[in-house]
Amino acid sequence: YQRRVHGEFRPPARVQKGHLASLTVHKMPSRYPTVEILEIKPDSLTFVLTKTCTSVANALRRAIIAEVPTIAIDNVQITSNTSVLNDEFLSHRLGLIPLVSSKVHQLQYNRDCSCERHCEYCAVELTLNVRCTDQTRDVTSRDLISSDPDVVPVDSTNLDGQHDAIMIVKLGRGQEVNLTCIAKKGVGKEHAKWSPACVVTYQFEPDITLNPYSMDELSETQKREFVASCPTEVFRFDEQKQKVEIENAGKCTFCNECVIKAEDLNRPNLVTVEQKTNRFKFTVETTGALRPEQVVLSALNILKEKMQIIEAHLRHEEASWADPSFGAPMDWQGQPPPASYD
């Protein structure tokens with residue numbers, strides 16, 4: 001890029017190699033992020049990330065969505081398809097069926113494997129061969145036969161908590177589907193079918209403060225109206241003490257309905273709702289391919305590896321500047337820099 005000085009564009013500011021020692025480096029204070037687990041379920045995880053900043057929280061969220069590898073159907077070889085769905089539609093539905101990926105780290109990426117197309121070290125084969133001999137026939141994910149018993153389709157969970165197979169297509173009398181699927185290892189940034197999570201959100205932890213002096217000036221009816229103004233029931237009214245208390249601050253969604261109600265009661269300083277910028281409440285819901293704690297741990301390890309790579313490059317650059325025999329650096333156009341810059 002170029003910098004603009006007094007209306008003129010000039011090359012970017014740069015120090016000479018010999019003057020590097022005169023720079024002052026301000027070291028950021030060390031931070032030790034911590035994780036507090038709030039709830040763990042087979043397909044979801046809720047935790048609080050503290051003592052860090054928004055950039056780290058966002059990096060963790062993006063790593064969970066796009067960097068954690070799973071196994072998904074990537075290639076479909078159709079031998080016969082006389083169903084109402086065309087080949088492309090059927091292949092797309094098969095690709096979005098999540099597969100149990102507990103052994104994903106034992107597989108190689110297909111692009112890194114030495115085989116010509118695919119083999120047992122980089123892929124898993126699933127076959128589907130169903131013919132309808134009755135009036136109708138539901139073809140589900142349970143009809144997929146895997147060559148690896150550890151890599152099978154994930155069952156869905158209905159509203160009653162029962163595990164159901166995922167519907168693929170409905171066949172009529174005489175219709176059939178005969179195909180072979182090749183499942184490979186991949187990550188979500190290549191295609192969404194490889195993403196291990198369907199929902200990854202975080203929000204700032206709320207910091208709610210009630211003004212006791214302003215609250216005492218309200219009548220009982222006004223206090224009850226204030227409590228009822230919160231749609232998530234953050235506050236409660238104590239019948240014995242005749243006071244408004246904060247029952248569950250974690251339910252706050254920053255809708256500011258309580259603040260609006262306080263203004264309607266002519267008490268603008270009655271309540272303050274702020275955000276704790278160093279505390280993040282994460283909610284991770286997985287597709288079932290991996291357990292939620294495995295997804296989070298894998299994302300943390302991926303971020304750690306990225307930081308190690310950056311550290312290695314920075315140490316290399318530091319050593320190159322300290323070594324007088326190292327050649328002069330190149331500027332952004334690939335040309336040696338001049339003797340000095342403005």
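Once a new chain begins, its residue numbering starts again from 1 and follows that chain's sequence as written. Local features in this predicted model are restricted to residues of pLDDT 70 or higher, and side-chain atom pairs are both shown and tallied only at a pLDDT of 80 or more, whereas totals for entire chains, interfaces and linings draw on every residue. Side-chain numbers come from the whole structure's heavy atoms, not from hydrogens or water.

Draft legend 1. Structural context of the environment of Asn 269. Assignment of secondary structure puts Asn 269 in the loop between helix H5 (257-264) and strand E16 (271-286). In this structure, the C-alpha to C-alpha distance between Asn 269 and Met 215, residues 54 residues apart in sequence, is 9.6 Å. Not counting residues within four places of it along the chain, the set of residues in contact with Asn 269 comprises Asn 211 and Ser 214. Between N or O atoms, a polar contact is any pair within 3.5 Å; within protein, one atom must be a potential hydrogen donor and the other a potential acceptor, and residues adjacent in sequence are included only when both atoms are from side chains. Reaching out from Asn 269, the side chain makes a polar contact with the side chain of Ser 214 at a distance of 3.2 Å. In this description a helix means any DSSP run of H or I spanning at least four residues, a strand means any run of E spanning at least two, and both kinds are numbered starting from the N terminus. In this analysis, two residues are considered to be in contact whenever any of their non-hydrogen atoms come within 4.5 Å of each other.

Draft legend 2. Main features of empty space enclosed by the protein. Residues are said to line a cavity or pocket when one of their atoms sits within 4 Å of a point; the points come from a 1 Å grid over protein atoms alone, cavities being sets where a 1.4 Å probe fits but cannot get out and pockets being open sets with protein on both sides within 12 Å along at least five of seven lines. Grid points are joined across faces, edges and corners, and a volume is the space filled by probe spheres set on the points. Summed over the entire model, instances satisfying the criterion amount to 1 cavity of 30 Å³ or more. As a volume, the largest cavity reaches approximately 70 Å³. Taken together, Ile 208, Cys 230, Thr 232, Val 234, Phe 235, Cys 252, Thr 253, Phe 254, Cys 255, Asn 256, Cys 258 and Val 273 make up the full set of residues lining the largest cavity.

Draft legend 3. Just helix H4 (residues 220-228), in detail. The buried label goes to any residue with under 20% of its type's maximum accessible area, the exposed label to any with over 50%, and the partly exposed label to all in between, with areas taken from a 1.4 Å probe on protein chains only. Those residues of H4 not exposed but buried are Lys 223, Phe 226 and Val 227. Seen along its axis, H4 keeps its buried residues to an arc of 100°; they face one direction. Facing away from the buried side of H4, by more than 90 degrees, are the exposed residues Thr 221 and Ala 228. What the arc covers is the set of directions going from the helix axis to the C-beta atoms.

Draft legend 4. Highlighting the pattern of salt bridges. We define a salt bridge as a side-chain nitrogen of Lys or Arg found within 4 Å of a carboxyl oxygen belonging to Asp or Glu. As enumerated under the stated definition, the model contains 21 salt bridges in all. Across the pair Lys 170 and Asp 138 runs a salt bridge, and its minimum N-O distance is 2.5 Å. With Lys 170 in strand E11 (residues 167-172) and Asp 138 in strand E7 (residues 136-140), this residue pair connects regions lying 32 residues apart in the sequence. One network of salt bridges, in which partners are shared, links Glu 36, Glu 205, Lys 276 and Arg 279.

Draft legend 5. How the structure looks around the environment of Ser 83. The topology assignment puts Ser 83 in the loop between strand E5 (70-81) and helix H2 (87-95). Spatially, the C-alpha atoms of Ser 83 and Leu 171 are 5.9 Å apart, while their sequence positions differ by 88 residues. A distance of 2.7 Å separates polar atoms of two side chains, one belonging to Ser 83 and the other to Asn 81.

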